[in-house]
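The chain contents come next:
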Amino acid sequence: IMSAVAFDILPLKLHPFSQSTPTGLDCMGWKRRISSPVIADGTLDKTALTDDVGSEEDLYEDFRSSNHRYGHPGGGGEQLAINELISDGSVVYAEALWDHVTMDDQELGFKAGDVIEVMDATNKEWWWGRILDSEGWFPASFVRLRVNQDEPMEDYPLKVEGGKEDDSSSGTRRFGMGQTTKDQMRTNVINEIISTERDYIKHLKDICEGYIKQCRKRADMFTEEQLKTIFGNIEDIYRCQKKFVKALEKKFNKDHPHLSEVGSCFLEYQTEFQIYSEYCNNHPNACMELSRLTKVNKYVYFFEACRLLQKMIDISLDGFLLTPVQKICKYPLQLAELLKYTNPQHRDFKDVEAALNAMKNVAQLINERKRRLENIDKIAKWQSSIEDWEGEDVLVKSSELIYSGELAKISHPQAKSQQRMFFLFDHQLVCCKKDLLRRDILYYKSRINMDDMEILDVEDGKDKDFNISVKNAFKLHCRDTEEVHLFCAKKPEQKQRWLKAFENERRQVQLDQETGFSITEVQKKQAMLNASKQHHTGKPKAVTRPYYDFLMRQKHPTLPTTLPQQQVFMLAEPKRKPSNFWQNISRLTPFRK
């Protein structure tokens with residue numbers, strides 16, 4: 001998701017691709033040759049767009065037939081620069097942003113923080129790289145190019161936690177190397193932060209003035225609701241970022257960039273950056289709405305005309321709308337890099353250290369809210385698969401599955417033991433029974449409101465309340481009604497996992513109350529409606545793996561440029577298709593309920 005970051009093999013000021021921007025938007029060499037100067041607040045020194053834009057088709061054809069060249073060749077200047085460096089024999093290193101887990105022997109697996117030697121960046125989506133003696137394909141969006149390419153590999157830690165190296169030799173590198181070199185490293189990072197903020201403001205301005213402004217003039221094509229879906233709260237983000245970049249400019253020391261004290265700016269705006277949560281949560285809806293509209297030619301022409309009028313690089317609107325999602329996730333990476341080259345004696349050290357933790361928390365909060373919203377679809381699908389469901393939907397009270405497993409439930413008055421499957425959500429524990437023949441089918445039996453319960457650990461031996469001997473047991477006790485539920489696990493470690501899960505459930509409920517997390521009624525109803533539609537259409541047919549997985553099993557040399565782009569959002573690895581093993585087996589099962 002993140003962009004590749006600058007490198008300084010050549011002097012930074014002479015390197016046209018030394019800036020850091022989202023993948024596909026990093027054609028700085030081209031953009032700067034054709035665009036007007038950008039001043040501190042991101043505004044452009046050029047005349048505004050005229051209101052009389054004519055028809056979309058005319059504009060599109062006029063610009064295409066003219067000599068204007070606002071696009072970029074090949075698929076990105078940065079990609080060309082990387083391949084030129086590799087062709088010249090230079091070694092290009094990238095740092096992994098996330099874990100890449102793969103079962104394919106032609107893909108390169110790695111952990112977040114690993115350093116990868118990029119050997120082939122011809123394809124936009126998948127690069128060929130090497131770690132130690134392993135080579136293979138990996139998603140380009142999972143890595144960032146190192147800011148300081150000339151930093152020795154033996155001095156580069158494989159993992160960075162909180163901006164501090166785990167390598168025991170880091171102290172020698174930190175203080176042993178010349179101060180001038182270290183200052184230059186910090187200068188590179190500071191310059192990158194400042195320049196990328198200016199470029200980001202330019203992107204936001206282009207979206208707001210180049211697209212939103214023009215869309216609002218065409219009430220015959222767009223409703224306000226559609227514009228809200230497509231662009232979310234990006235105008236609020238633009239206003240916030242303009243203030244933020246002004247604060248950065250005030251702290252930027254132009255004569256001696258390494259002396260700049262920018263940490264306090266991130267601390268000041270950490271709360272305001274939480275507005276990105278709304279944007280990130282809405283982004284999938286924006287993609288779906290754009291996909292629907294661009295099936296109609298007049299919308300394709302209109303969006304292209306908007307891009308050309310604003311003199312934006314040759315990237316589709318959905319590419320530009322991904323920029324804020326990438327940006328908020330990138331701040332912790334930039335601050336970790338800055339902290340690495342900031343001496344503890346530096347006046348900015350404590351602020352940068354605190355800013356790194358603050359921005360990690362912001363990104364984590366946004367990711368968590370995004371994940372929780374995605375979970376409601378999974379929960380709705382789960383409920384639709386349960387037979388004989390009774391009462392209100394799970395989503396009425398819950399939005400997170402904390403833990404699940406099999407337990408023996410012992411009930412009054414006969415103290416009869418029953419094996420049941422239990423699903424612990426926030427606020428409630430759902431009890432289901434497995435089908436005797438089809439063990440993958442569950443029947444709803446009951447639920448327990450966890451808000452009224454306290455958890456009691458039960459020692460092995462005879463229980464006084466139930467007058468039976470128990471092992472690996474615990475109780476749920478209702479404070480109001482004195483109702484007691486007794487449960488037994490098969491093993492001691494299973495019991496401990498359940499006790500821990502109950503603690504996590506209460507902690508999750510408290511955290512949601514503190515952060516104000518909630519799911520709207522519209523989102524709940526939509527999730528249940530989608531699940532109901534899928535349930536009635538029957539089980540999906542087996543799906544073959546994508547075409548690129550077949551290519552991964554072939555020899556390295558070529559990878560088609562028609563390869564579909566891997567969709568990655570926030571801090572997640574590529575999603576694999578679910579296994580259809582049980583679906584196929586069920587078709588062969590002679591037993592039916």
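See the structure shown above.
Here's a quick rundown of the structure. This is a predicted model, so every value here is computed, not measured.

Reading the values: rules and limits
In this numbering scheme, every chain counts its residues from 1 along its sequence in written order. In keeping with the model being predicted, local features are shown solely for residues with a pLDDT of at least 70 and side-chain atom pairs are shown and tallied solely at 80 or more, while totals for entire chains, interfaces and linings include all residues. Water and hydrogen atoms were dropped before computing side-chain values, which therefore reflect all heavy atoms in the structure. Helix numbers and strand numbers start at the N terminus; a helix is a DSSP run of H or I with at least 4 residues, a strand a run of E with at least 2. Per-residue accessibility, obtained with a 1.4 Å probe over protein chains only, is compared with the maximum for each type, and a residue is labelled buried under 20%, exposed over 50%, and partly exposed between these values. Shrake-Rupley sampling with a 1.4 Å probe provides the accessible areas, and residues are treated as covered by the protein chains on show and by no other component. Helix axes are fitted to C-alpha atoms over the stretch in contact, other axes to C-alpha atoms as well, and angles between N-to-C directions run from 0 to 180 degrees. An angle below 35 degrees is treated as roughly parallel, one above 145 as roughly antiparallel, one from 65 to 115 as roughly perpendicular, and anything else as oblique. Whether a crossing is left-handed or right-handed is set by the direction in which the near helix is turned from the far one by less than a right angle, anticlockwise for left-handed and clockwise for right-handed. Residue contacts are counted whenever heavy atoms from the two residues lie within 4.5 Å of one another. Ten residue types, Ala, Val, Leu, Ile, Met, Phe, Trp, Tyr, Cys and Pro, are classed as nonpolar, four, Asp, Glu, Lys and Arg, as charged, and the remainder, Gly among them, as polar. Under the rule applied, a polar contact is a pair of N or O atoms within 3.5 Å (in protein, one hydrogen donor and one hydrogen acceptor; residues adjacent in sequence only if both atoms are side-chain atoms). In what follows, salt bridge is the name for a side-chain nitrogen of Lys or Arg lying within 4 Å of a carboxyl oxygen of Asp or Glu. Strands are treated as partners if at least two bridges between them are detected by DSSP. Each nonpolar core is a collection of buried residues, namely Ala, Val, Leu, Ile, Met, Phe, Trp, Tyr and Cys, held together in the definition by side-chain atoms within 4.5 Å.

### Remarks on the overall build of the protein
Okay, step 1: When you go through the protein residue by residue, the secondary structure sums to 17 helices and 16 strands.
Okay, step 2: Within the protein, the fraction of its 593 residues that count as buried is 51%.
Okay, step 3: Accessible surface for the protein amounts to roughly 29,900 Å². Of this, 51% is attributable to carbon and sulfur atoms.

### Side note on unusual backbone geometry
Okay, step 1: Even without being a glycine, leucine 132 presents a positive backbone phi close to 55°.
Okay, step 2: Mapped onto the secondary structure, leucine 132 falls in the loop between β3 (126-131) and β4 (134-139).
Okay, step 3: Although it is not a glycine, asparagine 472 sits at a positive phi angle of roughly 55°.
Okay, step 4: Here asparagine 472 shows up in the loop between β14 (468-470) and β15 (473-478).
Okay, step 5: Taking relative accessible area as the criterion, asparagine 472 reaches 6% and is therefore assigned buried.

### What about the packing of helix α9 (residues 276-293) against helix α12 (residues 323-340)?
Okay, step 1: For the pair α9 and α12, the least separation of the axes is 9 Å and the interaxial angle reads 130°. With respect to α12, the axis of α9 lies oblique. The way α9 lies across α12 gives a crossing that is left-handed. Counted together, Tyr276, Tyr279, Cys280 and His283 of α9 and Pro324, Val325 and Ile328 of α12 form the full contact between these two elements.
Okay, step 2: Considered class by class, the residues forming the contact of α9 with α12 number 6 nonpolar, 1 polar and no charged.

### What about the packing of α12 against helix α13 (residues 349-385)?
Okay, step 1: Contact geometry for α12 and α13: axes closest at 9 Å, N-to-C directions at 155°. Classed by the angle they form, the pair α12 and α13 counts as roughly antiparallel. α13 is crossed by α12, and the crossing has left-handed handedness. Facing Ile328, Tyr331, Pro332, Leu335, Ala336, Leu338 and Leu339 of α12, the residues of α13 in contact are Phe349, Val352, Glu353, Ala355, Leu356, Met359, Lys360, Val362, Ala363 and Ile366.

### A short note on the side chain of histidine 477
Okay, step 1: Tracing the sequence through the fold places histidine 477 in strand β15.
Okay, step 2: By relative accessible area, histidine 477 is classed as buried at 13%.
Okay, step 3: Of note is the side chain of histidine 477, whose polar atom sits 2.7 Å from the side chain of glutamate 454.
Okay, step 4: A distance of 2.8 Å separates the side chain of histidine 477 from the side chain of glutamate 482, its partner in a polar contact.
Okay, step 5: Setting aside residues no more than four positions away along its own chain, histidine 477 makes contact with Asp452, Met453, Glu454, Leu456, Glu482, Glu483 and Val484.

### Considerations on the environment of histidine 346
Okay, step 1: With respect to the helices and strands, the residue histidine 346 is situated in the loop between α12 and α13.
Okay, step 2: A relative accessible area of 19% places histidine 346 in the buried class.
Okay, step 3: Distance in space between the C-alpha atoms of histidine 346 and serine 260 is 9.9 Å, their sequence separation being 86 residues.
Okay, step 4: Setting aside residues up to four positions removed in sequence, histidine 346 forms contacts with Arg186, His258, Leu259 and Ser260.
Okay, step 5: At 2.9 Å, the side chain of histidine 346 and the backbone oxygen of histidine 258 are in polar contact.

### Here's the deal with the pattern of salt bridges
Okay, step 1: Per the counting criterion, the structure on display carries 32 salt bridges.
Okay, step 2: With a shortest N-O distance of 3.4 Å, glutamate 135 and arginine 130 are connected by a salt bridge.
Okay, step 3: When its relative accessible area of 37% is taken as the criterion, glutamate 135 is described as partly exposed.
Okay, step 4: Across the pair glutamate 224 and arginine 216 runs a salt bridge, and its minimum N-O distance is 3.9 Å.
Okay, step 5: Since its relative accessible area comes to 42%, arginine 216 is described here as partly exposed.

### Focus on the sheet that holds strand β2 (residues 115-120)
What holds strands together in a sheet is hydrogen bonding between their backbones, with the strands either parallel or antiparallel.
Okay, step 1: Sheet architecture is open: 5 strands sit in the order β4-β3-β2-β1-β5, paired in antiparallel fashion. Single-partner strands in this sheet number two, and they are β4 and β5 (143-145). Averaged over all neighbouring strand pairs, the angle between strand axes comes to 45°, with direction disregarded.
Okay, step 2: Across 3 bridges, strand β1 (residues 92-96) lies against β5 in antiparallel orientation. The partner of glutamate 95 across the bridge, within β5, is arginine 144.

### Details of the nonpolar core
Okay, step 1: Core analysis: the largest hydrophobic core is formed by 63 residues, its most contacted members being Phe231, Phe273 and Ile328.
Okay, step 2: Of all the elements, helix α5 (residues 179-216) adds the most residues to this core, at 13 residues.
Okay, step 3: Sequence-distant contacts of isoleucine 328, that is, excluding residues within four places in its chain, are made with Phe273, Tyr276, Cys280, Met359, Val362, Ala363 and Ile366.
Okay, step 4: Counting residues in hydrophobic clusters, the runner-up holds 21 residues, among them Trp389, Leu395, Leu442 and Phe517.

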